[in-house]
Amino acid sequence: MSRWVILFFVVFFATTAFAQDTYSVSGSRILKNWSPTYWRGVNAMHVFGGGSSGMNSWGIDMVREFIGNMRDNPLTGSVQQINGEWLYSLQSIADNNRANGKITIFCPFGWDGMSSTPLLGNNPSQTWWWDEYKARYREIANQFKDQPDVWLELWNEPYWWDRSHGYSDDLWLSDMQQMVDNIRSTGATNIIVVPGAETGQDESVILAKGKKLLAGRKNIIFDIHAYENWLKDSQANIEARMQKLSDSGFAVIFGEVAPRNAEFMNPLTFLNAARNKRASVLAWLWKHNGNDKNALLDSSGNPNDNNNYNWGSTYKAFAQEKRAANPFTNWIAANGKPNSSMATPSNNEELSLSPEA
């Protein structure tokens, strides 16, 4: 074998070993290295500290990260004290998640860390910080535009739950177009995560206006939060709603689900539907607090099952279920089988969840 052949294989395997994973969207499918994939994730607050290594045994492969002070949270460097809070840089959070094999979704929850400036329920373009928000998100996009495993969510749970306060589907479309284009103006091609209406629980606006948003834009997925609007529905209806979104060509994740919101509800029916439809789901919340009904962990780091429908154990079992390497056979048949070397490996054995209060 010539030295040039040897050099070729050395370079090939070296670049392959250290190449970044790629993420993209094709119709209703989210692709990892060109293979349709679905995820099990959690929400976390690593801006306040901690890391994601403890999630590994749960099978977690995606983390949606809370940003409570979008304006001031450091992008790089070490922890900083800002307005009385110690905040870790977004880059350090993404690095830790990456080291543990996890996608990071950064999502702004608040503008400046003050209780008077939450993003929840607000009409984005009608906030007083709108222009500053767009400028700040361009800084964030510039920081992460060469890191494809970092996805950028536009806004946590916008618009009032009952469509009051001046809401319209046209306002949603205009706001989302401006926010997507604002990020793309930096040259960032990362996946962008777009929330639904009605504080994130509504999919009807996606069905009504989503195609217009996608026109001329790529690598966009939609985030729906599964609380009252979903957890109180039947499994058959939930699956039908998921299927309608998929059939309409929308790539979707369910970025939050938990037993407590305005009401106390059992998430089991939703999780069973999500399993059947192979939907990507992220639980609220990776937190060590047995007194918080939504916390997945107790103070000792065990699953939190304290009068919350066994939420910790239930979601852990759900996250550990076996996921197929090529789970979307219809998509593969229509689009061509992905290269087997790029398929996502499956993990663990599939489990059946049973209802327990």
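Scroll up to find the structure.
Model, not experiment: these values are computed from the prediction. Chains are numbered independently. Their residues run from 1 in the order of the written sequence. Selection of residues for local features in this predicted model requires a pLDDT of at least 70, selection of side-chain atom pairs for listing and counting requires 80 or more, and totals for whole chains, interfaces and linings are taken over all residues. Side-chain measures here rest on the full set of heavy atoms in the structure, leaving out hydrogens and waters.

Caption draft 1: A look at the overall build of the protein chain. Segments assigned H or I by DSSP are reported as helices when at least four residues long, segments assigned E as strands when at least two residues long, and all are numbered from the N terminus. Secondary structure summary: the protein chain contains ten helices and 13 strands in total. Relative to its full complement of 357 residues, the protein chain shows a buried share of 52%. By the convention used here, residues are in contact when the closest approach between their heavy atoms is within 4.5 Å. Within the protein chain, counting contacts between residues at least 6 apart in sequence, those at least 24 apart form 72% of the total. Only the protein chains shown count as covering a residue, and every accessible area follows the Shrake-Rupley method with a 1.4 Å probe. Carbon and sulfur atoms form 50% of the exposed surface of the protein chain, whose accessible area is close to 15400 Å². Only protein chains enter the calculation, and the probe is 1.4 Å; a residue is then buried if its accessible area is under 20% of its type maximum, exposed if over 50%, and partly exposed in between.

Caption draft 2: Looking closely at the pattern of salt bridges. A pair is scored as a salt bridge if a Lys or Arg side-chain nitrogen falls within 4 Å of a carboxyl oxygen belonging to Asp or Glu. Inspection of every chain in the model, using the stated rule, returns 19 salt bridges. Between Asp 169 and Arg 163 there is a salt bridge, with its nearest N and O atoms 3.1 Å apart. A salt bridge links Lys 209 to Asp 170, with the shortest nitrogen-to-oxygen separation between them at 2.8 Å. Taken together, the residues span a long stretch of sequence, with Lys 209 in helix α5 (residues 204-214) and Asp 170 in helix α4 (residues 169-184) at a distance of 39 residues. Through salt bridges with shared partners, a single network forms among Arg 64, Glu 153, Asp 223 and Glu 256.

Caption draft 3: Region of the structure containing helix α7 (residues 235-247). Its 13 residues place the ends of α7 18 Å apart at the C-alpha level, agreeing with the 18 Å of an ideal helix rising 1.5 Å per residue. Regarding α7, the residues found buried are Ile 238, Glu 239, Arg 241, Met 242, Leu 245 and Ser 246. One face of α7 carries all of its buried residues, which in axial projection span an arc of 160 degrees. Seen from the open side of α7, the exposed residues pointing more than 90 degrees away from its buried face are Ala 236 and Asp 247. Buried-residue contacts for α7 involve β2 (29-32), α5, β11 (220-226), α6 (228-231), β12 (252-257) and α8 (268-277). Multiply 1.5 Å by the residue count of a helix minus one, and that product is the helix's expected span. Note that the arc is computed from the directions linking the helix axis to the C-beta atoms.

Caption draft 4: Broad picture of the packing of aromatic side chains. The aromatic pairing rule takes the rings of Phe, Tyr and Trp, using the six-membered ring of Trp, and pairs them if the centres are within 6.5 Å, calling planes under 30 degrees apart stacked, those over 60 edge-to-face and the rest tilted. Enumeration according to the criterion identifies 20 aromatic pairs in this entry. Between Trp 311 and Tyr 315, the ring centres sit 5.5 Å apart and the planes meet at 45 degrees, which makes this aromatic pair tilted. With Trp 311 and Tyr 315 both in helix α9 (residues 311-319) and four residues apart, the pair spans about one turn of that helix. Its relative accessible area of 1% is what places Trp 311 among the buried residues. By way of ring pairs, the aromatic residues Phe 48, Phe 66, Phe 109 and Trp 284 are connected into one cluster. For Arg 241, the ring lying beneath its charged end belongs to Trp 230, and the centroid distance is 3.7 Å. We call a charge positioned above a ring when the Lys NZ or Arg CZ atom is no farther than 6 Å from the ring centre and deviates by at most 35 degrees from the ring normal.

Caption draft 5: How the structure looks around the sheet that holds strand β1 (residues 23-26). Following DSSP output, two strands are said to pair if at least two bridges run between them. Spatially, β1-β2-β3 is the arrangement adopted by the three strands of the open sheet, whose pairing is antiparallel. In the strand order of this sheet, the two ends are held by β1 and β3 (35-36), each with one partner.

Caption draft 6: Spotlight on the sheet that holds strand β5 (residues 62-67). Taking strand neighbours around the barrel as the criterion, the eight strands line up as β4-β5-β8-β9-β10-β11-β12-β13 in a closed arrangement whose pairing is parallel. Strand-to-strand twist of the sheet, defined as the mean angle between neighbouring strand axes without regard to direction, takes the value 25 degrees. Pairing between β11 and β12: five bridges, direction parallel. When the bridges of β12 are listed, Ile 224 appears paired with Phe 254. The axes are straight lines fitted to the C-alpha atoms, using for helices just the contacting stretch, and the angles between their N-to-C directions are given from 0 to 180°. Of the strands in this sheet, β8 (103-108) and β9 (150-153) are in contact with helix α3 (residues 130-144), which crosses β9 at around 165 degrees.

Caption draft 7: Region of the structure containing the nonpolar core. In terms of nonpolar packing, the biggest core is built from 78 residues, with Tyr 133, Leu 154, Trp 172, Val 194, Phe 254, Phe 270 and Tyr 315 touching the most fellow members. By size, the runner-up hydrophobic cluster in this structure holds 13 residues, among which are Tyr 23, Ile 30, Met 62 and Ile 253. Here, nonpolar core refers to any group of buried Ala, Val, Leu, Ile, Met, Phe, Trp, Tyr and Cys residues whose side-chain atoms link them within 4.5 Å.

Caption draft 8: Examining the packing of α3 against α4 more closely. Between α3 and α4, whose axes approach to 8 Å, the crossing angle comes to 40 degrees. Taken together, the axes of α3 and α4 are oblique relative to one another. For α3 against α4, the interelement crossing comes out right-handed. Residues Trp 130, Tyr 133, Lys 134, Tyr 137, Arg 138 and Ala 141 of α3 lie in contact with α4, whose contacting residues are Asp 175, Gln 178, Met 179, Asn 182 and Ile 183. Ten residue types, Ala, Val, Leu, Ile, Met, Phe, Trp, Tyr, Cys and Pro, are classed as nonpolar, four, Asp, Glu, Lys and Arg, as charged, and the remainder, Gly among them, as polar. Broken down by class, the residue content of the contact of α3 with α4 amounts to six nonpolar, two polar and three charged. These descriptions rest on fixed angle ranges, namely under 35 degrees for roughly parallel, over 145 for roughly antiparallel, 65 to 115 for roughly perpendicular, and the rest for oblique. Take the far helix as your reference; a near helix turned counterclockwise from it by less than a right angle gives a left-handed crossing, and one turned clockwise gives a right-handed crossing.

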